[in-house]
Each structure stands twice: as C-alpha cells, then as structure tokens.
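# Descriptive analysis of the structure
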Amino acid sequence: MNRIARGAVAILSIAFLAGCAGFVDRPVRPVLFDMGPLPPIATPVDRNGPRVALVLPDIEASGALEGSAVLYRLGYADDHQLRAYSQSRWSAPPPQLVRQRLRQQLGRERPVLGLDETATLVRESGQPLFLLRMELEEFAHVFDSPQSSRGVIRLRATLFSSTPNGERMLGQRSIAVQGVAPTPDASGGVRALTEATDAAAADIQQWLLQSQPAR
C-alpha cells in the first residue's frame, strides 16, 4: 500500500509541475492599438475653388520611433529617459500610423497622393503639386505627475511645390502639438496621441491654405 501511495503522490506531483510549466510558459500577447475612426467634421468643409493636390511620402523617423512600442516619459522623474509599455503595442510603427491619419484628415479637403502616383500626374496635367516631407521627432505619452499626462507629437515639415520643371521649397516649420490623456495608462496615452495627431493635421491644413498658389 505504501508503494502504491508513493506512486500516486509522484504522479500527482508530475501533473502539478507540468500544469505550472504550461502556465508559466504561456505567452501573454500585447494589446494592439491604432488611432481609431476619424472624428466627425466640426464645420462643413469649404470646397469652393480648386485645391492643390498634396503628395505625402513616407514619414521619416529614427531610433525607438521605428518600432511599434507605445512610448512614455516620466517628466516628473527623468524626462530624458524614454520607456516603453511592456504589454502595449501600436498596430504599426508610429510613422506609418501618423502618415495614414494625416492622409485621411488632409484628404477631406484636397487630393492626397503617394510618391509613386506623382510623376504621371505632373507630366500629363502640368498642374503644380504640393510635396510635403516630414520627420517624426517625438511621439510619446508624457507624465507631468503620476496622474497628469499628455500625448506629445513633434514633426519637422518641409513643403515643396512640384512642377514639371522640378521642385521648389516653399517653407519649413516645426509642429509641436499635445493632447490631454484621459487616463494615466497606455490607453490614455494612445487617445492623447491621436488627439495631438489630429491637431497637427489641422495645423498643416492651415499652412497649406496659406501657401496655396494664385490661379
């Protein structure tokens, strides 16, 4: 009987350890975020008169912004240290998501094209185009205190006029916008960064209107 009892205990121990190993080794999938649907248009878009088409190439970035991590800074502790949420990821690298969002927002008022669509259009129509090159310099959830935070986006934008005769630089500017995070976590940071990106799109739209060439 003792031998049987010892065998049963051994079997139960092995089963318990196997169950624990399976639990420990099971990977935890990170939560994926994107920027969600576009907000409704607050005021009707004035489409009177032609709008110069906009060419929007891929947005450049470097370092941590080339990955898909949701980044944050503890401004009240060490604002020089860039950290990443361990269980949260963007569905694509931030430069891709920001470009997609800007293309959707700016496309409400004018045609927005990819770089590969421009040569034929310029050659066939002879119409000028805007070419907007951008570099993403900051895209992070910044905490001013443990409970107060904001999403910060910084872009360097250079605007060109593209014609059959070549490109001419029209101007360059730095765009820095922030949105208030509703909660002090990754989800709140994503919402704040989405709000900031939409505000950056509105800023760029005004810049384009001011740069509209006379007809």
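The present account deals with the structure reproduced in this document.

Parameters at a glance
Here the residue index of a chain counts from 1 through its sequence in written order. Residue-level local features of this predicted model are given only where pLDDT is at least 70; pairs of side-chain atoms are given and counted only at 80 or more, and the full residue set underlies all totals for whole chains, interfaces and linings. To get the side-chain values, all heavy atoms of the structure are used, and hydrogens and water are removed first. Interaxial angles span 0 to 180 degrees and are taken between N-to-C directions of axes, which are lines fitted to C-alpha atoms, for helices over the stretch in contact. In this text, helices come from DSSP runs of H or I with a minimum length of four residues, and strands from runs of E with a minimum of two, each type numbered from the N-terminal end. Angle categories are assigned with fixed cut-offs, so that under 35 degrees is roughly parallel, over 145 is roughly antiparallel, 65 to 115 is roughly perpendicular, and the rest are oblique. A crossing counts as left-handed when the near helix is turned anticlockwise from the far one by less than a right angle, and as right-handed when that turn is clockwise. Any two residues having at least one pair of non-hydrogen atoms within 4.5 Å are treated as being in contact. Three residue categories are used. Nonpolar comprises Ala, Val, Leu, Ile, Met, Phe, Trp, Tyr, Cys and Pro, charged comprises Asp, Glu, Lys and Arg, and polar comprises the others, including Gly. Whether two aromatic rings pair depends on their centres lying within 6.5 Å, for rings of Phe, Tyr and Trp, where Trp uses its six-membered ring; planes under 30 degrees apart make the pair stacked, over 60 edge-to-face, and the rest tilted. We call a residue buried when its accessible area falls under 20% of the maximum for its residue type, exposed when it is over 50%, and partly exposed in between, using a 1.4 Å probe and counting protein chains only. Two thresholds decide whether a charge sits over a ring: the Lys NZ or Arg CZ must be within 6 Å of the ring centre and within 35 degrees of the ring normal.

At a minimum axis separation of 9 Å, helix α2 (residues 94–106) and helix α4 (residues 186–210) run at an interaxial angle of 50°. Our classification of the angle between α2 and α4 gives oblique. Every pair of crossing elements has a handedness; the one defined by α2 and α4 is right-handed. Contacts from V98, R101, L102, Q105 and L106 of α2 reach α4 at T194, T197, D198, A201, I204 and Q205. In terms of residue class, the contact of α2 with α4 is made up of five nonpolar, four polar and two charged.

This paragraph deals with the packing of aromatic side chains. Throughout the structure, instances matching the rule amount to three aromatic pairs. When the ring of Y72 is compared with that of Y85, the centres are 4.6 Å apart and the planes differ by 35°; the resulting orientation is tilted. Linking Y72 in strand β3 (residues 69–74) with Y85 in strand β4 (residues 78–90), this pair joins segments that are 13 residues apart in sequence. The pair Y72 / Y85 is uniform in exposure class, with both members buried. Plain terms: the ring middles of Y72 and F143 are 6.2 Å apart, the flat faces sit at 80° to each other, and that makes the pair edge-to-face. With a gap of 71 residues between them, Y72 in strand β3 and F143 in strand β6 (residues 129–143) connect regions that are remote in the sequence. Assessed through its relative accessible area of 5%, F143 is described here as buried. Through successive ring pairs, a cluster of aromatic residues spans Y72, Y85 and F143. Cation over ring: R173 sits above W207, and NZ or CZ is 5.4 Å from the ring centre.

Note that every value here comes from positions in space, so none of it alone points to a role or purpose.
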